[in-house]
Every structure is written in structure tokens, then in C-alpha cells.
Amino acid sequence: MGEGDGTALTTASGILTLNKNVMYTDSAVAGEAAGLAMGLVNLGSASDRALEDMLAYAHETQHEKIIRGLAIGIAMIMCNRQEEADTLIQTLLLDKDPILRYGGMYTIALAYCGTADDGAIRKLLHVAVSDVSNDVRRAAVMGLGFLLLGSPEQCPKLVALLAESYNPHVRYGAAMAIGISCAGTGLKVAVDMLEQLLGDGTDFVRQGALIALSMVLIQISEVQEPRVEKVRKLFADTIADKFEDVMAKFGACFATGIINAGGRNCTITPRSPITGHIDTVAVVGLAVFTQYWYWHPLAHFLALSFTPTAIIGLNKDLKMPVFQFKSNSAPSRFAYPAKVSKLGDKAKSGAVKLESAQLSVTKKAMLRQRQKEKEKEEKKAMEGVEGTTTTSSSSPSSPSSPSAVPRGTADKMDTSDEKEKEKEDEKEKEKEKEKEPEAAFQVLQNPARVTLQQLQHITFDVDTRYIPVNPVVTRLGIVVLKDRKSDQPEEFVTPTAPPSEREEEEEEPEPPQAFEYDPAKEKD
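Residues numbered from 1 in each chain as written. Predicted model: local features only at pLDDT ≥ 70, side-chain atom pairs only at ≥ 80, totals over all residues. Heavy atoms only, no water.

### Looking at a negative patch on the surface
On the surface, Glu373, Glu375, Glu377 and Glu378 cluster together into a negatively charged patch. Exposure remark for glutamate 373: the relative accessible area of 41% places this residue in the partly exposed category. (Patch = residues over 30% accessible without salt bridge, like charges linked within 9 Å, V, L, I, M, F, W, Y side chains within 5 Å. Areas by Shrake-Rupley, 256 points an atom, 1.4 Å probe, with all protein chains shown as cover. Salt bridge = Lys/Arg side-chain N within 4 Å of Asp/Glu carboxyl O. Lys, Arg positive; Asp, Glu negative; His and termini not counted. Charge placed at Lys NZ, Arg CZ, Asp CG, Glu CD. Buried < 20%, exposed > 50% of the residue type's maximum accessible area, 1.4 Å probe, protein only.)

Structure (C-alpha cells):
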């Protein structure tokens, strides 16, 4: 499978032969990996030879894992082929094996990804409500997300009724379809639907909703969507809650990694927000990622859909000069989301401490004891007041003198006044901060984090020395700069350690003791 990932889109015949030989060994795990690798090597090629070999062996073998790997591999071979895949799609849809029909759903999804083709949508909707296999129905609903990559705002409307289905597999598919099509958009309609699915009674539906929510809200700030902070806390609480179902906690772990991908410097981009072009590699990464349902290591394929979001300016010698550019938007609009409290807070404390049970007799006894203590304190206070009044009347000093007030009470009054003043000062400072208007733009230093939605607000009118060779920057990444003062010495960016907040050092667990593994003993 690693060879297939490394040689994707190459249609290398030598690699294809090696994968076929591995597949013919009829080993379940190796055969599944070989099927996926054959699809990656022939990605989008519509190779008749490869399709015939893979379909023939899928009908011969008895291993479900191999059949599933071949089914997804067949779908990848027909990626972006649209009408050319119709004959194969019909063959797969009429097959008796539900795993091959499952592959047929992914063939439709990848062949027509981003096209929103009416015929393909009708086929997926028909299978989603009629097939006898839950796996096929789930795949059909997820396929809608791939078809609507070009128009993500339509996906929540299309799957709204499917999200209320009696079948939990259909509801899970609806959640993942929204996550795939609306990835990185922060659409409020999508977030609303996924929030409803978070309260679903089935654990794997909640898992899908958590993962999809992180995909939709990746690199979305609190200014763009105020519920981002609440969602991040939900992920942390779900992981730390020992009473939560394991599958939901698994989804929360995935979601935390996705929403913080690349140190919150990456986003999921199956399509270009400016040109609308579909990224084939990113789409395939999402398709194979959804196979984590059967084999968890396939979740790593999601990394193929990640794109770093930064602008890195380089000169003609491919060095990073010091230069500035402007983001014509408020800094808070595209800022990093605030950090959530540590995940281990609940885990460290263990179970929540509950109040110890007390009998009613003991409660009454404690109340009587408190009442007696209060009466004693009141008597002492009265005696102290009488003593001060007699001394004040005998002394020539005026009644308003400070000696008439007990020292203890005066100290308490002073401290309470100071605390009130401090609170008032803090409130005034907060009000001043709120009153201070936020800057309308932000000057960024090379290199800088720039999100996809922020790209349209970027201008290069701050620095008088460097300008981009292409004045219209339509994509993130490396920007080649033109030096208008080449006769002057250049200053380059010096690499430094990234700034990090000081966190409390936690005691790491001790490493396990050394041991020797003997396969012979394990067999005995």
C-alpha cells in the first residue's frame, strides 16, 4: 500500500504486477492492501486490464477484506471519469455481493465527485433507502458528500431527511457527507445539523457527528462561528468522560486531531475556493479515510487532504527575505482559536467527588452546634461593644474618634473596601478594552499563517522593496518575490523557536521494563 501511495497516478506496470502477485497469495490483510495499492497506482486511468483482473479476483476470493480493498481500488481507477464509469457502475450495482455494491457507491462518488450530477445523485438516493445492506446504504449517503464538493451549501439540505432516518447507518452517512462536502467552510446550517446528531442515541452516529463537526470547523475562528469554543470544549469533555461510550470517545479523539491539524496551520481542501478545481489526491484521501470503519490505520490517509495555510515569500535564490504584507481584515477574524483546558483535568482527578451521605440526626446535631457557636460569638461581640462605650464615655475624646471602632472591625472594613475597589478597577479595565476599537487591518511578517478565507483580503502594498512576481496571488504556499532594490544588501529571516505558552511540567510515566519476545513460547 505504501508503494501504491508513493506511485499514485503513475500507472507503473512493474508496481502493478508486484501488487497482483501479493493479492494472489490470498492473505486477507496483505490482499486488502494490494487492492488499495492497485487503485492508487492506476488512479483515474480507467485501465480495462486492471479492472478485469480486480473484478475477476473479487469474485474468486472468499476474504471479505480482499474484496473490500479491490472494491475501493476499482472506485479509484474510475476517479473523475464520469460517463465512462456508467457501465462499470451498473455492473457493480447489480452484483449479489454487498461488498461489490458498496464499491459501486464509491465508484459513483469518485467518478462524479464535485459535479453534482442529477443522475448520480438519484442513484445514490435510491440505494440509500432501498438496499438491504447497511454498509451499502451508509456508503450511498456518504457518496452524496463527494458529489456536492463543488456546492457545499446544498449538502445539508439534501441529507436533512436522511439525518432523521430510523437507520443509524444512514444517519452516520449523513453526518459524514456533511463533513466531507462542507469541510473548512464553517457553514452554520451544517453545524446546526451536526449539533442535533451529537445527541443521537447510537454511539457510532455521535462518533461520525464529532468527526464531521471538526472537519467543518477546521481553521474557523470564534468571530466567524461563535460555537467554536463550545465545540472544542465538547471534544475535550467527551474524551475525559469515563462514562461516555468508547466509540464516541474514539470519534472525539479523531475530531481533536483534525480540528488542530498541523498545529492549526492546515485545512482540508478537496476543492480550490478560488478556482473551484477538484483536488484528486485530496478526494482520494477522504475516500480511503472513511474506510477506518473497517481498519483504523486507514485513517492516516486523511493527511492527503490536508493543505498547509501559509504565505512564504522567497527571492530569486529561494531564500526568505524580511518583508511585510497586509491582511485587510480585523486580526480577530482569522486568529487562532483560544486554547481549551487540558484534557487530563478530569482524567487526573478520576471520579467526581460526591458529598458523603449524612444521617438526619447528625445534620440536626451539627445545626445545633453551629447555633450555639453563633450565640457565643454574639455574646462576646456585645460585651466588647459595651466595654468600648463605657471607655468612650469616660474619656474626653469625641464620639466620632477612631478609638470608638474596634480594631478588628476596622481592618475588616478596610480589606472589604479594597476588594471592592479592585473589582471595580477590573470592571473598568474590561470596559475600556471593549471600548477600544479593533484595528481594521493587520501587517504580517514573512512567513505568516494565512487561511483560505483570509487569502482574498491579502495585499502587498506595505513593503516598498519586494512585490510578488505574479501580482494576483490565487493560492497559498510559496510566493516568488521581485526585488526592486537589488543594489542594496538583503536581510533574511533567521529561524527561531516558535513562541509557546509556559505549561506546568507533568510527570511522565516511567518506560516499561525490558523484555525479550520469543515466538516459540507464545505458540506453546
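### Some points on a nonpolar patch on the surface
A grouping of Val469, Ile478 and Val480 is seen on the molecular surface, where their side chains present a nonpolar patch of about 280 Å² in accessible area. By secondary structure assignment, the location of valine 469 is in the loop between strand E8 (466-468) and strand E9 (477-483). (Helix = DSSP H or I, 4+ residues; strand = E, 2+ residues; numbered from the N terminus.)

### Concerning the sheet that holds strand E4 (residues 324-327)
In a beta sheet, neighbouring strands are held together by backbone hydrogen bonds and run either parallel or antiparallel to one another. Taking strand neighbours across the sheet as the criterion, the three strands line up as E5-E4-E7 in an open arrangement whose pairing is antiparallel. Where the open sheet ends on each side, the last strands, each with one partner, are strand E5 (442-445) and strand E7 (458-459). Here E4 runs beside E5; their pairing, made up of four bridges, is antiparallel. The partner of lysine 326 across the bridge, within E5, is valine 443. (Pairing = 2+ DSSP bridges.)

### Some details on the packing of aromatic side chains
Geometrically, a pair of aromatic rings is defined through the distance of the ring centres and the angle of the planes. Under the counting rule described, the total for this entry stands at 15 aromatic pairs. Look at phenylalanine 323 and tyrosine 466: their rings are 6.3 Å apart centre to centre, the planes differ by 65°, and that puts the pair in the edge-to-face class. Of this pair, phenylalanine 323 sits in the loop between strand E3 (310-314) and E4 while tyrosine 466 sits in strand E8, and the two are 143 residues apart along the sequence. Accessibility expressed as a relative area gives 1% for phenylalanine 323, which makes it buried. Taking the relative accessible area as the measure of exposure, tyrosine 466 reaches 3% and is therefore buried. Of the aromatic side chains, those joined through ring pairs into one cluster are Phe250, Phe254, Phe289 and Tyr292. Lying over the aromatic face of phenylalanine 441, lysine 326 brings its terminal NZ or CZ to 5.0 Å of the ring centre. The side chain of arginine 449 reaches across the aromatic face of tyrosine 336, ending 4.1 Å from its centre. (Phe/Tyr/Trp six-rings, centres within 6.5 Å; stacked < 30°, edge-to-face > 60°. Lys NZ or Arg CZ within 6 Å of the ring centre and 35° of its normal.)

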